[in-house]
Structure formats: structure tokens, C-alpha cells
Amino acid sequence: MDSEPGDRRVSAGGTATREARDLLPLKILIAGGFGVGKTTLVAALSEVPPLSTEQQMTSLSDGVDDTSIVPEKTTTTVAMDFGRVTVDDSLVLYLFGTPGQSRFWFMWDELARGAVGAVVLVDLRRIDDSFAAIDYFENRGLPFVVALNSFPGTDGVDVDVVRDALAVPARCPIRYVDARDDASCTDVLITLVEHSLTRSA
Amino acid sequence: MTVDRRQRAHADGGRVVPNYAFTAGRTRSTAGTDMPIEALVTATDTGLAKAPGLPPESRAIVEASTVPQSLAEIGALLDVPIGVARVLVSDLAAEDHLAVHLPLVGPDGRPRRELLERLLDGLRAR
Ligand SMILES: Nc1nc2c(ncn2[C@@H]2O[C@H](COP(=O)(O)OP(=O)(O)O)[C@@H](O)[C@H]2O)c(=O)[nH]1
Ligand SMILES: [Mg+2]
């Protein structure tokens, strides 16, 4: 049931049907502080209504800044939004909206493994909320782009000022996005994949 | 999520879901506790034939997987945490009821260049 050396099949478990044989998943992380537009962006791009999935963490939650955190005795469940984009006959892209606070980094380590890269959303009224995510991806060497969400009252903010404030490296693209708009969100993903390709062997 | 039920041997004596397998220089992370959240599952012919006799949640997974489903989608479908979905899917894969389609990554642990190029083409065509 396993592949021969040189075989392109990338599957495990049972024998895939002929139609399913070439299927491959990809993922992109959508990160940023609470209320920054992660769910909105996932919904704008996803071909199915965004779903939610849960991961369990064993330590007790200390914060109350995210309504998706439900404390239990010693286990906390973290909810994560995700959406799906069919790329072609065999590629399926998943978008995972991940909570931005540094205490969720245990989760990001697993999520970031094998990812195409990340989009870090920034609410220009609360730039600092996205610092932890940028710091994380920069440290892990995961390609990322910064997307400035066009909330009302944020016109005329200079990209260079944001770059300085968030210590975004010069090679890392910064773009404006309207998280409600499919085309605008698609442009951000294209920018990310192009950026990821420049860093690919 | 420390449940480990990967080591069960298959009837043919092969490794069912090894931690890592190497294929022509590509590392593929495989099923079991290492099965990533985006891993896709599809129903096998055996799975579809046996589905009516399976426990309800296993049956639901196999029947939903006539269309490719990620581990994340299985979790959402059953309203269970990812760790639980992972165990259910691993067991079904070990019994040839599901095929698991893992991400293809290069030695650097990142998606291979050819996949990034296909992704770019697909996004530009949207
Ligand atoms: N004007 C405007 N509002 C937005 C945009 N993106 C999100 N919002 C709104 O901001 C709020 C928080 O967004 P949400 O996606 O839930 O944030 P999350 O916590 O990061 O998932 C919602 O009420 C959205 O409708 C945007 O690009 N422009
Ligand atoms: Mg949200």
C-alpha cells in the first residue's frame, strides 16, 4: 500500500481512488490581534462558509481578551476559523485564522509547519496588537506579508511609518487590504505566494 | 494531544502510518499524531462499501469524505477537537477505509516550488 521510491503519490492509510490520487493540501495562516479582520478575510475568500475548529491547550488561560477562549478546569479550548479555496484539480488551499497573542504560540508551531506563509493583518488604529505575530514569523523564518486593514479613519497612514513601528524587514511586503473584498484579499494572497517563491530554493 | 495509536501493524506487516517516509528525496510527514490539520482524507472503495456497518461517527467521516475533507473539516463536522478527529481518522486510514493525502514539502520543510507556482497560477485565475 505504500509508494515505491520515486512514486509521486503522497498519501498514507488506505488506497486512494483514482480521482483522489493526486490530491494535495496547502495552508496559509491569517494572523493578527483580536478584531483585526481575520474571520472577515477568511469568509471573503472561502468557497464554503468559514468553519470553526478547536484545539485544546493544557495550561489555564490567563486572559479575557478573546471571546473565543472558553476556560475549563485545566484545559482551554481555542477556536480557530478556517476556510477553503480549491486551487486546481488537485490542490486545495486552507486558510487558518489564528489568535494573535503570544500565549498561543504553542499552537502556531504546529500550524506553521509546512505552511506557504502567513498574512499578518494590522488594524491601523491598534498597530501594536500585531507586533507579536510579526515577531513570531520573523523568528521562525516563515514568509509573511503585512496587510493593513482599511478600517474607517485610517486613510493617509504612511506605510513606512508602519514598517518602522512594527520592525517589518525591508524585504517583507506591506499592502493595504479590505478584508471584506474577495479581490482585495486575493491580491494579498498573490503577494504572499510571490514573496514565498523568492524565498524558495 | 499525546494519543499515540500509530504503531499498530497492518495485516501485510508494513508500517501503516510511519512518522516520516522519504520518497525520492522528499520528506512527507505522515498520519498519526503528526497528521497536520490540513491533511486531506478521501473515502476508499473499501470504506464506502463498509460504511453502513461502521459506528456512527466513523460512518459520518467516510461518507463526508466522498468529497475531499481536511482534518480540520472533519473536526468541525463532528464538533470535536482536532486531536479527537485525528485519532478517528488514523484508525479509519489504518483499516483502509480512508486515504490520507499529506502535504508535499521539500527538505526545508516548506511547500515545494512547483506547488507554490501552481498556487500562484490558481490565485491569478480567480
Ligand atoms: N470597514 C471595515 N471593517 C472590517 C474590515 N475587516 C473586518 N471588519 C469588521 O471588523 C470587525 C472584526 O472583524 P473580524 O473578522 O471578526 O475580526 P477577527 O477577530 O480578527 O476575526 C467585524 O465587525 C468586521 O465586519 C475591513 O476591511 N473594513
Ligand atoms: Mg475571528
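Treat the numbers as computed from the prediction; the structure is a model and nothing was measured.

A. Focus on the environment of Ser65 of chain B. Residues and elements named next belong to chain B. Among the structural elements, Ser65 can be located in the loop between helix H2 (56-64) and strand S4 (69-70). Spatially, the C-alpha atom of Ser65 lies 5.1 Å from that of Ala43, the residues being 22 residues apart in sequence. With near-sequence residues (within four places) excluded, Ser65 lies in contact with Val41, Thr42, Ala43, Ile74 and Leu98.

B. Broad picture of the site of ligand 1. Residue and element names in this part refer to chain A. Taken together, 15 residues are adjacent to ligand 1, and Gly35, Lys38, Thr39, Thr40 and Asn149 come closest. Measuring from an oxygen atom of ligand 1, one finds a backbone N or O atom of Ala179 at 3.0 Å. Contact with the protein chains hides 71% of the accessible area of ligand 1, taken as 590 Å² for the molecule alone. Here the element with the most residues in the shell around ligand 1 is helix H1 (residues 38-45); it accounts for three residues.

C. Representation of the packing of helix H3 (residues 71-78) of chain B against helix H4 (residues 82-94) of chain B in the model. Residues and elements named next belong to chain B. Packing of H3 against H4 leaves a shortest axis separation of 9 Å and a crossing angle of 105°. Classified by the angle their axes make, H3 and H4 are roughly perpendicular. On H4, the residues that touch Leu71, Ala72, Ile74, Gly75 and Leu78 of H3 are Ile82, Ala85, Arg86, Leu88 and Val89. Here the residues of the contact of H3 with H4 sort into eight nonpolar, one polar and one charged.

D. The packing of H2 of chain B against H3 of chain B, seen in detail. All names here are of chain B. For the pair H2 and H3, the least separation of the axes is 11 Å and the interaxial angle reads 130°. Taken as axis vectors, H2 and H3 run oblique relative to one another. At the point where H2 passes H3, the crossing takes the right-handed sense. Residues Glu57, Ala60, Ile61 and Ala64 of H2 lie in contact with H3, whose contacting residues are Ile74, Leu77 and Leu78. Taken together, the residues of the contact of H2 with H3 sort by class into six nonpolar, no polar and one charged.

E. Seen up close, the confidence of the model for chain B. Residues and elements named next belong to chain B. The predicted model of chain B has a mean per-residue pLDDT of 79, with 74% of residues at 70 or higher. Contacts from residues 1-32, a stretch scored under 50 in pLDDT, to residues over four places away or in other chains number 75 contacts. Model confidence for the complex: the whole-complex pTM is 0.84, and ipTM, which rates the interface, is 0.85.

F. Structural context of the interface of chain A and chain B. With 60 residues of chain A at the interface, the matching set in chain B holds 53 residues. Summed over the shared surface of chain A and chain B, the result is six salt bridges. A salt bridge links Glu38 of chain B to Lys27 of chain A; the nearest nitrogen and oxygen atoms lie 3.0 Å apart. On the surface where chain A and chain B come into contact, there are 20 residue pairs in polar contact (both at pLDDT 80 or more). For the side of chain A that touches chain B, the secondary-structure elements that each account for two or more residues are strand S1 (11-13), strand S2 (24-32), strand S3 (51-57), strand S5 (76-86), strand S6 (91-99), helix H2 (105-112) and helix H5 (182-198) of chain A. Sort the elements by how many residues they give to the side of chain A that touches chain B and H5 of chain A lands first, with eight residues.

G. Region of interest: the environment of Arg110 of chain B. Summarising the element assignment, Arg110 of chain B is placed in the loop between strand S5 (98-101) and helix H5 (113-124). Judged by relative accessible area, Arg110 of chain B falls into the buried class, the value being 11%. The contacts of Arg110 of chain B, once residues within four sequence positions are left out, are Ala115, Val116, Pro143, Ser196, Arg199 and Ser200 of chain A together with Val105 and Leu116 of chain B. At 3.4 Å, the side chain of Arg110 of chain B and the backbone oxygen of Arg199 of chain A are in polar contact.

H. Summary view of helix H3 (residues 131-140) of chain A. Residues and elements named next belong to chain A. Residues of H3 that are buried: Ala133, Ile134, Tyr136 and Phe137. In an axial view of H3, the angular spread of the buried residues amounts to 160°, which keeps them on one side of the axis. Its buried side turned inward, H3 meets S2, H2, strand S7 (117-123) and strand S8 (144-149). Looking one or two residues beyond H3, the residue adopting positive phi is Gly141, at roughly 70°.

Procedures and definitions
Residues numbered from 1 in each chain as written. Chains lettered and ligands numbered in written order. Predicted model: local features only at pLDDT ≥ 70, side-chain atom pairs only at ≥ 80, totals over all residues. Heavy atoms only, no water. Helix = DSSP H or I, 4+ residues; strand = E, 2+ residues; numbered from the N terminus. Contact = heavy atoms within 4.5 Å. Near = heavy atom within 4 Å. Polar contact = N/O pair within 3.5 Å; in protein donor to acceptor, adjacent residues only side chain to side chain. Areas by Shrake-Rupley, 256 points an atom, 1.4 Å probe, with all protein chains shown as cover. Axes fitted to C-alpha atoms, helices over the stretch in contact; angles between N-to-C directions. Parallel < 35°, antiparallel > 145°, perpendicular 65-115°, else oblique. Nonpolar A, V, L, I, M, F, W, Y, C, P; charged D, E, K, R; others polar. Left-handed = near helix turned anticlockwise from the far one by under 90°. pLDDT = per-residue confidence, 0-100. Salt bridge = Lys/Arg side-chain N within 4 Å of Asp/Glu carboxyl O. Buried < 20%, exposed > 50% of the residue type's maximum accessible area, 1.4 Å probe, protein only. Arc of directions from axis to C-beta.

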